[in-house]
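# Topology and contacts: notes
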Amino acid sequence: MSHRILFALGLALFLLVATLSAAHHSFSAVYQTKEEIKLEGKLVQILIRNPHSYISVEAPDKEGKMQRWSLEWGGAAQLSGQGVNQQTLKVGDHIVITGRPSRAPGEYRALVQTISRPSDGFVWGRGRGEVVD
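Along each chain, residue indices are assigned from 1 in the same order as the chain's sequence is written. Selection of residues for local features in this predicted model requires a pLDDT of at least 70, selection of side-chain atom pairs for listing and counting requires 80 or more, and totals for whole chains, interfaces and linings are taken over all residues. Based on all heavy atoms of the structure, the side-chain values leave hydrogens and waters out of the count.

The next thing to look at is the overall build of the chain. Starting at the N terminus, helices and strands are each numbered in turn, a helix being any DSSP run of H or I of at least four residues and a strand any DSSP run of E of at least two. Within the chain one finds three helices and six strands. The linear arrangement of helices and strands in the chain, starting from the amino end, is α-α-β-β-β-α-β-β-β. Exposure is judged per residue with a 1.4 Å probe applied to protein chains only, and the accessible area is read against the type maximum: over 50% gives exposed, under 20% gives buried, and values in between give partly exposed. Among the 133 residues that make up the chain, the fraction classed as buried is 37%.

Okay, here's the thing in structure tokens:
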């Protein structure tokens, strides 16, 4: 094969991989990245895993009706490097979350920006590197 064909194939492969990896991190396609919501409620489920962790919270919507919210958080490897693990938050904890709401109307989903637990002062999302990526 000529060097030009190998170069073209290598470039095509590189662009494909770059496109796929960028698509995985396209939070702006799923969440309204310029809007922020605040939720306050009871933690009902926590799942720490890679590539992204999820927590579920019972909290009121805009009209005050209780909903079960699904909140996307950082991956297990990222969170563990910040001292967060499966035991950091417990089902039943009263937590306050700020996040980016879902773009889909009627979905009770958000991308976590900050989490706090007022009972003991636990806070995530204000320290260096504490972002979902």
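In this section: unusual backbone geometry. Omega for the bond connecting Asn50 with Pro51 falls within 30 degrees of zero, at 5°, which places this linkage in the cis form. Here Pro51 lies in the loop between β1 (37–47) and β2 (53–60).

Our next topic: the pairing of strand β4 (residues 94–101). A large share of β4 lies buried, amounting to seven of its eight residues. What makes two strands pair is DSSP finding at least two bridges between them. Pairing analysis gives six bridges linking β4 to strand β5 (residues 109–117), with the strands arranged antiparallel. When the bridges of β5 are listed, Val96 appears paired with Ser116.

Our next topic: the pattern of salt bridges. Salt bridge, as used here: a side-chain nitrogen of Lys or Arg that lies within 4 Å of a carboxyl oxygen of Asp or Glu. Scanning the model with the defined rule gives four salt bridges in all. For Asp120, the salt bridge goes to Arg117, with nearest N and O atoms at 2.9 Å. When salt bridges with common partners are traced through the structure, they connect Asp93, Arg117 and Asp120 into a single cluster.

By convention a nonpolar core is built from buried Ala, Val, Leu, Ile, Met, Phe, Trp, Tyr and Cys residues, the set being connected through side-chain atoms within 4.5 Å. One finds Ile55, Leu71, Trp73, Leu89, Ile95, Ile115 and Trp124 to be the most contacted residues of the largest nonpolar core, which totals 25 residues. It is β5 that contributes the most residues to this core, four residues altogether. For this analysis, residues touch if any pair of their heavy atoms sits within 4.5 Å. Not counting chain neighbours up to four residues away, the residues in contact with Ile55 comprise Leu43, Gln45, Ile46, Trp69, Ser70, Leu71, Trp73, Ile95 and Ile115.

For the rest of this paragraph, the subject is the packing of aromatic side chains. Only Phe, Tyr and Trp rings take part, Trp by its six-membered ring, and two of them pair if their centres are within 6.5 Å. Stacked means planes under 30 degrees apart, edge-to-face means over 60, and tilted covers everything else. Inspection of the entire model under this criterion finds three aromatic pairs. Between Trp69 and Tyr108 the ring centres are 5.2 Å apart and the planes differ by 80°, which places this aromatic pair in the edge-to-face class. Here Tyr108 lies in the loop between β4 and β5 and Trp69 lies in strand β3 (residues 66–73), a separation of 39 residues in the sequence.

On to the pairing of β1. In this structure, β1 lies alongside β4, joined through six bridges in antiparallel fashion. Across the sheet, residue Leu39 finds its bridge partner in β4, namely Ile97. One ladder, built from five bridges, connects β1 with β2; its direction is antiparallel. By the bridge assignment, Gln45 is partnered in β2 with Ser56.

What follows concerns the side chain of Ser56. Along the polypeptide, Ser56 turns up in strand β2. Residues within four places of Ser56 in sequence aside, it is in contact with Lys42, Leu43, Val44, Gln45, Arg68 and Trp69.

Moving on, we come to the environment of Lys90. Position of Lys90 relative to the elements: it lies in the loop between α3 (76–80) and β4. Only 2.8 Å separates the side chain of Lys90 from the backbone oxygen of Gln87, close enough to count as a polar contact. Whenever two N or O atoms come within 3.5 Å, that pair is a polar contact, provided that in protein one can donate a hydrogen and the other can accept it, and provided that, for residues adjacent in sequence, both atoms are side-chain atoms.

By themselves, these observations are geometric and do not establish any function.
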